[in-house]
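An overview of the molecular structure
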Amino acid sequence: MAASTSYHEPLEKLTSTTQDLHRALTSVQEELEAVDWYRQRADSCEDAELREILLHNMREEIEHASMLLEWLRRRDADFAAQFRTYLFSEKPIVEVEEEEAGETTGRPESSERGSLTIGSLKGA
(Lines give C-alpha, C1' and ligand atoms only; values in the text may rest on other atoms or scores of the structure.)
Protein backbone atom coordinates (compact mmCIF):
# COMPACT_ATOMS: atom_id res chain seq x y z
CA MET A 1 0.00 0.00 0.00
CA ALA A 2 1.28 3.46 -0.88
CA ALA A 3 2.12 5.85 1.93
CA SER A 4 -0.03 8.50 0.24
CA THR A 5 -3.33 7.94 -1.48
CA SER A 6 -3.16 11.27 -3.26
CA TYR A 7 -0.94 10.26 -6.16
CA HIS A 8 -2.70 11.05 -9.43
CA GLU A 9 -0.47 8.92 -11.63
CA PRO A 10 0.82 5.37 -11.20
CA LEU A 11 3.57 5.37 -8.59
CA GLU A 12 5.89 3.31 -10.80
CA LYS A 13 5.82 6.11 -13.40
CA LEU A 14 6.93 8.80 -10.93
CA THR A 15 10.58 9.62 -10.40
CA SER A 16 12.01 9.51 -6.91
CA THR A 17 12.35 13.32 -7.11
CA THR A 18 8.64 13.69 -7.86
CA GLN A 19 7.82 11.32 -5.00
CA ASP A 20 9.97 13.33 -2.57
CA LEU A 21 8.40 16.59 -3.75
CA HIS A 22 4.98 15.02 -3.21
CA ARG A 23 5.97 14.03 0.32
CA ALA A 24 7.09 17.57 1.07
CA LEU A 25 4.02 19.20 -0.49
CA THR A 26 1.68 16.86 1.37
CA SER A 27 3.53 17.60 4.59
CA VAL A 28 3.28 21.38 4.04
CA GLN A 29 -0.47 20.99 3.58
CA GLU A 30 -0.74 18.98 6.78
CA GLU A 31 1.35 21.47 8.76
CA LEU A 32 -0.73 24.42 7.52
CA GLU A 33 -3.94 22.59 8.34
CA ALA A 34 -2.61 22.01 11.86
CA VAL A 35 -1.79 25.74 12.16
CA ASP A 36 -5.39 26.54 11.26
CA TRP A 37 -6.79 24.02 13.75
CA TYR A 38 -4.60 25.24 16.63
CA ARG A 39 -5.42 28.89 15.92
CA GLN A 40 -9.16 28.16 15.87
CA ARG A 41 -8.92 26.18 19.10
CA ALA A 42 -6.92 28.95 20.78
CA ASP A 43 -9.44 31.58 19.66
CA SER A 44 -12.34 29.65 21.14
CA CYS A 45 -10.53 28.48 24.29
CA GLU A 46 -11.53 30.11 27.58
CA ASP A 47 -8.62 28.82 29.68
CA ALA A 48 -5.64 31.19 29.31
CA GLU A 49 -3.01 28.54 30.02
CA LEU A 50 -4.51 26.12 27.50
CA ARG A 51 -4.70 28.97 24.95
CA GLU A 52 -0.97 29.60 25.37
CA ILE A 53 -0.19 25.90 24.89
CA LEU A 54 -2.31 25.80 21.74
CA LEU A 55 -0.61 28.91 20.36
CA HIS A 56 2.79 27.40 21.19
CA ASN A 57 1.80 24.27 19.25
CA MET A 58 0.57 26.43 16.36
CA ARG A 59 3.95 28.18 16.17
CA GLU A 60 5.70 24.80 16.12
CA GLU A 61 3.60 23.83 13.09
CA ILE A 62 4.53 27.12 11.39
CA GLU A 63 8.18 26.25 12.01
CA HIS A 64 7.68 22.83 10.43
CA ALA A 65 5.92 24.31 7.38
CA SER A 66 8.72 26.86 6.99
CA MET A 67 11.37 24.15 7.08
CA LEU A 68 9.53 22.24 4.37
CA LEU A 69 9.18 25.35 2.20
CA GLU A 70 12.92 25.93 2.48
CA TRP A 71 13.54 22.30 1.51
CA LEU A 72 11.32 22.84 -1.56
CA ARG A 73 13.24 26.01 -2.44
CA ARG A 74 16.53 24.17 -2.32
CA ARG A 75 15.32 21.26 -4.42
CA ASP A 76 13.09 22.84 -7.08
CA ALA A 77 14.12 25.73 -9.33
CA ASP A 78 10.51 26.74 -10.02
CA PHE A 79 9.73 27.12 -6.32
CA ALA A 80 13.02 28.98 -5.83
CA ALA A 81 12.21 31.45 -8.60
CA GLN A 82 8.72 32.16 -7.27
CA PHE A 83 9.95 32.50 -3.69
CA ARG A 84 12.59 34.99 -4.86
CA THR A 85 9.89 37.01 -6.59
CA TYR A 86 7.23 37.10 -3.90
CA LEU A 87 8.62 36.34 -0.46
CA PHE A 88 9.82 39.24 1.65
CA SER A 89 8.80 41.80 -0.99
CA GLU A 90 7.36 45.07 0.25
CA LYS A 91 5.24 46.04 -2.74
CA PRO A 92 1.61 44.94 -3.09
CA ILE A 93 1.66 41.30 -4.19
CA VAL A 94 -0.34 41.83 -7.37
CA GLU A 95 1.98 44.67 -8.34
CA VAL A 96 4.95 42.35 -7.94
CA GLU A 97 3.23 39.81 -10.18
CA GLU A 98 2.43 42.43 -12.82
CA GLU A 99 6.02 43.68 -12.84
CA GLU A 100 7.30 40.12 -13.11
CA ALA A 101 5.03 39.55 -16.09
CA GLY A 102 6.21 42.84 -17.64
CA GLU A 103 2.75 44.34 -17.48
CA THR A 104 1.61 47.76 -16.40
CA THR A 105 -0.86 47.88 -13.55
CA GLY A 106 -3.77 48.70 -15.84
CA ARG A 107 -5.39 50.57 -12.96
CA PRO A 108 -7.62 53.42 -14.11
CA GLU A 109 -6.89 56.96 -12.94
CA SER A 110 -9.26 58.30 -10.28
CA SER A 111 -11.41 60.06 -12.90
CA GLU A 112 -11.86 56.77 -14.75
CA ARG A 113 -12.76 54.54 -11.82
CA GLY A 114 -15.21 51.87 -12.80
CA SER A 115 -14.02 51.66 -16.38
CA LEU A 116 -12.09 48.73 -17.73
CA THR A 117 -8.73 49.12 -19.40
CA ILE A 118 -7.01 46.70 -21.70
CA GLY A 119 -3.80 48.63 -22.21
CA SER A 120 -2.43 51.18 -24.57
CA LEU A 121 -3.47 51.04 -28.19
CA LYS A 122 -0.76 53.51 -29.19
CA GLY A 123 1.37 52.20 -31.97
CA ALA A 124 -1.10 49.46 -32.78
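Structure's up top.
Residues numbered from 1 in each chain as written. Predicted model: local features only at pLDDT ≥ 70, side-chain atom pairs only at ≥ 80, totals over all residues. Heavy atoms only, no water.

1. With respect to the packing of aromatic side chains
- Scanning the entire structure with this criterion turns up one aromatic pair.
- Judged by centre distance (5.7 Å) and plane angle (55 degrees), the ring pair of Phe79 and Phe83 falls under tilted. With Phe79 and Phe83 both in helix α3 (residues 77–86) and four residues apart, the pair spans about one turn of that helix.
- Positioned over the ring face of Tyr38 is Arg41, at 5.9 Å from the centre of the ring. (Phe/Tyr/Trp six-rings, centres within 6.5 Å; stacked < 30°, edge-to-face > 60°. Helix = DSSP H or I, 4+ residues; strand = E, 2+ residues; numbered from the N terminus. Lys NZ or Arg CZ within 6 Å of the ring centre and 35° of its normal.)

2. Some remarks on the nonpolar core
- Membership of the largest hydrophobic core is limited to eight residues, which are Ala34, Val35, Tyr38, Ala42, Cys45, Leu54, Leu55 and Met58.
- Counting residues per element, the ones that place at least two in this core are α1 (16–44) and α2 (48–75).
- Top contributing element to this core by residue count: α1, with four residues.
- Apart from the residues lying within four places of it in its own chain, the contact partners of Met58 are Val35, Tyr38 and Arg39.
- Formed by five residues, the second largest nonpolar core is a distinct cluster that contains Ala24, Val28, Leu68 and Leu72. (Core = buried A, V, L, I, M, F, W, Y, C linked by side-chain atoms within 4.5 Å. Buried < 20%, exposed > 50% of the residue type's maximum accessible area, 1.4 Å probe, protein only. Contact = heavy atoms within 4.5 Å.)

3. Concerning the pattern of salt bridges
- Counted under the stated rule, the structure contains four salt bridges.
- Measuring nitrogen to oxygen at the nearest pair gives 2.6 Å for the salt bridge that ties Arg23 to Asp20. Of this pair, Arg23 and Asp20 both sit in helix α1, three residues apart, which is roughly one turn of the helix.
- Notably, a salt bridge pairs Arg73 with Glu70, separated by 2.4 Å at the nearest N-O pair. On the criterion of helical spacing, the pair formed by Arg73 and Glu70 is a turn pair, its members being three residues apart in helix α2. (Salt bridge = Lys/Arg side-chain N within 4 Å of Asp/Glu carboxyl O.)

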